[in-house]
Amino acid sequence: MKIFVDAMGGDLAPGCAVEGALLAAQAYPDCEIVLVGDEAQVKPLLEGKAMPNISTVHTTEVITMDDDPATAVRRKKDSSMAVCLK
């Protein structure tokens, strides 16, 4: 099973999302976990924690708390949320 995680979503992103993905990858080695977000922020959190079932997809846009969710997903097509929903 492949699970996409919006690594940039949430107040403590991407730290909490990466931490959760690492725990899930360890508990469920048959699942493929894809962290979607800014690789410059996500990759350093994965250093030294080689998990063969975790990969990343880089995105260039961010949906902020000030954005209307429906409008943001339509306009910010390279945000982590929009890419996860694809």
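Use the structure listed above.
Rules and cut-offs
Residues numbered from 1 in each chain as written. Predicted model: local features only at pLDDT ≥ 70, side-chain atom pairs only at ≥ 80, totals over all residues. Heavy atoms only, no water. Buried < 20%, exposed > 50% of the residue type's maximum accessible area, 1.4 Å probe, protein only. Helix = DSSP H or I, 4+ residues; strand = E, 2+ residues; numbered from the N terminus. Pairing = 2+ DSSP bridges. Right-handed = clockwise from strand over helix to strand, strands pointing away. Patch = residues over 30% accessible without salt bridge, like charges linked within 9 Å, V, L, I, M, F, W, Y side chains within 5 Å. Areas by Shrake-Rupley, 256 points an atom, 1.4 Å probe, with all protein chains shown as cover. Salt bridge = Lys/Arg side-chain N within 4 Å of Asp/Glu carboxyl O. Lys, Arg positive; Asp, Glu negative; His and termini not counted. Charge placed at Lys NZ, Arg CZ, Asp CG, Glu CD.

Most of strand 2 (residues 32–37) is tucked away, with five of its six residues classed as buried. Two elements, strand 1 (residues 2–6) and strand 2, share five bridges in a ladder whose sense is parallel. By the bridge assignment, Asp6 is partnered in strand 2 with Val36. Once the chain exits strand 1 it traverses helix 1 (residues 15–27) before rejoining the sheet at strand 2, and the crossover so formed is right-handed. Here strand 2 runs beside strand 3 (residues 54–58); their pairing, made up of five bridges, is parallel. Paired with Val36 across the two strands is Val57, which belongs to strand 3.

On to a positive patch on the surface. A contiguous patch of positive charge, built from Arg74, Arg75, Lys77 and Lys86, is present on the exposed surface. Locating Lys77 in the fold gives a position in the loop between helix 3 (69–75) and helix 4 (80–85). By relative accessible area, Lys77 is classed as exposed at 52%.

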